[in-house]
Amino acid sequence: MQDKIKKIVKEIEGYRPANEDDLEQFRIKYLGKKGVVNDLFVEFKNVAPENRKETGMLLNQLKNKAEEKFELYKKELVKNSDFSGENRDLTLSSSELELGSRHPISIVRNEIIQIFSRLGFNISEGPEVEDDWHNFTALNFPEEHPARDMQDTFFVQKNPDIALRTHTSSVQVRVMENTKPPIKTISPGRVFRNEAISARAHCIFHQIEGLYVDKNVSFADLKQTLLYFAKEMFGEKTEIRLRPSFFPFTEPSAEMDISCNICGGKGCNVCKYNGWVEILGCGMVDPNVLENCKIDSKKYTGFAFGMGIERIAMLKYQIKDLRLFFENDVRFLKQFKSAL
Ligand code: DAH
């Protein structure tokens, strides 16, 4: 009988309930009226007197083990399933709440907005589904002109007049149509181009457009504004360089490079060993554009600029693949902490 008891003790020691029903089966099997323990007590009557003491002790141990096991798991199951509060252990520490973080594109966009708002620029927005006039024609893209091919367009419902905006320059037109100078505004937003997705290009990305129209606005104002921006964004030591370029809506037009913020201009693989990286397009608003928006180009001049937010973020955080911004992998996203 002693061997039998020892075997059952082992059995009980290895027991883990799968659920509440399982535990109840355990109770019935071992501790129930007709259970194993009671049966053994009945059998105990037949044990020879010289073995009684030892067998009795073993039997009591078995009973205690079975009761302990049952109580332990009963408590645990209650803890996990009882929401009444009665049996809840309020001293347990709570599970940690993970806070989200701002997307790096939002962080950089907000930083750019803050820099320009210190110079008195306000914020304007326009629609993402845009008509041909605001996206192209008013901006001096002649019809059928190859300049329209600079930006591969997504058209909406085969209507050649309605498209997803290819740039935030469309917002310039809307603001100039609706506001009298002086105008000093920046327009952040999403833009869309029919482009193959790669490490350097995406069909959806973000831009910020800038526009300043007033009497006597000059190219020197443009340069000084952009120099201030570059230093605020990339550090006091940053230098800028303007290269002549072409955009239909500005004359003259330029592209702006900054001294490489990674190597400080000495040359590295980010700047392709020439010390400069391109960050934006800019120029003086073409008089045709002002006239298209009913602004007197004899009285007013203006400058404009446009930049890709992803590009700025990639340079600022040294991110090599643009696609990371769109995958929303939290392991990537939670690295960016910001007060903005
Ligand atoms: N819209 C241009 C683009 O998407 C960027 C740009 C260039 C905007 C020059 C401007 C500008 O306002 O003056 O490539």
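Quick caveat, the model's predicted, so the values are computed rather than measured. (Residues numbered from 1 in each chain as written. Predicted model: local features only at pLDDT ≥ 70, side-chain atom pairs only at ≥ 80, totals over all residues. Heavy atoms only, no water.)

Novice: Could you give an account of the site of the ligand, naming the residues involved and the relevant values?
Specialist: Within the structure, the ligand sits among 16 residues, and His167, Ser169, Arg193, Gln207 and Glu209 are positioned closest to it. In the environment of the ligand, an oxygen atom lies 2.9 Å from a nitrogen or oxygen atom belonging to the side chain of Gln207. Within the backbone of Phe305, an N or O atom sits 3.3 Å from an oxygen atom of the ligand. In isolation the ligand exposes 360 Å². Once the protein is present, 91% of that is buried. Mapped by element, the contributors of at least two residues to the shell around the ligand are helix H7 (169–178), strand E6 (204–214), strand E9 (276–285) and strand E10 (301–308). Residues of the shell around the ligand, tallied by class, amount to 5 nonpolar, 9 polar and 2 charged. (Near = heavy atom within 4 Å. Polar contact = N/O pair within 3.5 Å; in protein donor to acceptor, adjacent residues only side chain to side chain. Areas by Shrake-Rupley, 256 points an atom, 1.4 Å probe, with all protein chains shown as cover. Helix = DSSP H or I, 4+ residues; strand = E, 2+ residues; numbered from the N terminus. Nonpolar A, V, L, I, M, F, W, Y, C, P; charged D, E, K, R; others polar.)

Novice: So, the pairing of strand E7 (residues 240–247): which residues are in play, and what are the values?
Specialist: For E7 and strand E8 (residues 250–259), the ladder comprises 7 bridges, and the chain directions are antiparallel. Note that in E8 the partner of Pro244 across the bridge is Ala254. (Pairing = 2+ DSSP bridges.)

Novice: Break down the sheet that holds E7 for me, citing the residues and quoting the values.
Specialist: One open sheet holds the 7 strands; their spatial order is E1-E5-E6-E10-E9-E8-E7, and the pairing between them is mixed. The open sheet has two free edges, formed respectively by strand E1 (122–123) and E7, since each of these has just one partner strand. Against the sheet, H7 contacts strand E5 (183–192), E6 and E10, and its axis sits at roughly 35° relative to E6. (Contact = heavy atoms within 4.5 Å. Axes fitted to C-alpha atoms, helices over the stretch in contact; angles between N-to-C directions.)

Novice: Provide a residue-level description of unusual backbone geometry, including the pertinent values.
Specialist: The step from Pro181 to Pro182 runs through a cis peptide bond, and the omega angle for that step is 5°. Structurally, the position occupied by Pro182 is in the loop between H7 and E5. A cis amide bond links Glu251 to the next residue, Pro252, at an omega of -5°. A positive phi angle is found at Gln318, which is not glycine, with a value near 55°. Its place among the elements puts Gln318 in the loop between helix H10 (309–317) and helix H11 (324–327).

Novice: Any chance you could break down the packing of helix H5 (residues 104–117) against H10 for me, citing the residues and the numbers?
Specialist: It is the contact of H5 with H10, at a shortest axis distance of 9 Å, that shows an interaxial angle of 100°. In terms of axis orientation, H5 runs roughly perpendicular to H10. Contacts from Pro104, Ile105, Ile107, Val108, Arg109, Glu111 and Ile112 of H5 reach H10 at Ile309, Glu310, Ile312, Ala313, Lys316 and Tyr317. Residues of the contact of H5 with H10, tallied by class, amount to 9 nonpolar, no polar and 4 charged. (Parallel < 35°, antiparallel > 145°, perpendicular 65-115°, else oblique.)

Novice: Can you explain the domain arrangement of the protein? Please cite residues and give values.
Specialist: Here the protein is described as being made up of domain 1 (2–85) and domain 2 (104–339). Between the C-alpha centres of domain 1 and domain 2 the distance comes to 76 Å. (Domains from an automatic or database assignment.)

Novice: Give a detailed account of helix H1 (residues 2–13), specifying residues and quantitative values.
Specialist: Counted at 1.5 Å a residue, the expected span for H1 with its 12 residues is 16 Å, and the 17 Å between its end C-alpha atoms agrees. Of all the positions in H1, only Gln2, Ile5, Ile8, Val9 and Ile12 are classed as buried. One side of H1 carries all its buried residues, which in axial view fall inside an arc of 125°. Residues of H1 that are exposed and angled more than 90 degrees away from the buried face: Asp3, Lys7 and Lys10. (Expected span 1.5 Å × (residues − 1). Buried < 20%, exposed > 50% of the residue type's maximum accessible area, 1.4 Å probe, protein only. Arc of directions from axis to C-beta.)

Novice: Could you give an account of the pattern of salt bridges, naming the residues involved and the relevant values?
Specialist: Pairing between side chains becomes possible if they bear opposite charge and their charged atoms approach one another. Overall, the coordinates contain 14 salt bridges when judged by the stated rule. Of the charged contacts, one joins Lys29 and Glu11 as a salt bridge, the two residues approaching to 3.6 Å between their closest N and O atoms. With a gap of 18 residues between them, Lys29 in helix H2 (residues 20–31) and Glu11 in helix H1 connect regions that are remote in the sequence. Residue class for Glu11 comes out partly exposed when judged on its relative accessible area of 39%. A salt bridge links Arg243 to Glu278; its shortest N-O distance comes to 3.8 Å. Residue Arg243 is found in strand E7, and its partner Glu278 is found in strand E9; the two are separated by 35 residues along the sequence. On the basis of relative accessible area, Glu278 is assigned to the partly exposed category, the value being 33%. (Salt bridge = Lys/Arg side-chain N within 4 Å of Asp/Glu carboxyl O.)

Novice: Provide a residue-level description of the pairing of E10, including the pertinent values.
Specialist: Within E10, 6 of the 8 residues are buried, leaving the element largely enclosed by the surrounding structure. Bridge count between E6 and E10: 8 bridges; the pairing is antiparallel. Counted as the bridge partner of Gly210 is Phe305 from E10. Sheet topology places E9 next to E10; 5 bridges connect them, and they run antiparallel. Its bridge partner being in E10, Gly283 is matched across the sheet by Ala304.

Novice: Describe the nonpolar core, listing the residues and the values that go with them.
Specialist: The biggest cluster of nonpolar side chains holds 45 residues, and the ones touching the most others in it are Ile112, Phe229, Ile279, Phe305, Met307 and Ile312. For this core, the secondary structure elements donating two or more residues are H5, E6, helix H8 (219–234), E8, E9, E10, H10 and helix H12 (330–333). The greatest single-element share of this core, amounting to 7 residues, is contributed by H5. Those residues in contact with Ile279, other than ones at most four positions away along the chain, are Phe229, Phe234, Met256, Asp257, Ile258, Met307, Gly308, Arg311, Ile312 and Leu315. Counting 20 residues, the second largest nonpolar core, distinct from the first, contains Leu139, Val173, Ile183 and Val289. (Core = buried A, V, L, I, M, F, W, Y, C linked by side-chain atoms within 4.5 Å.)

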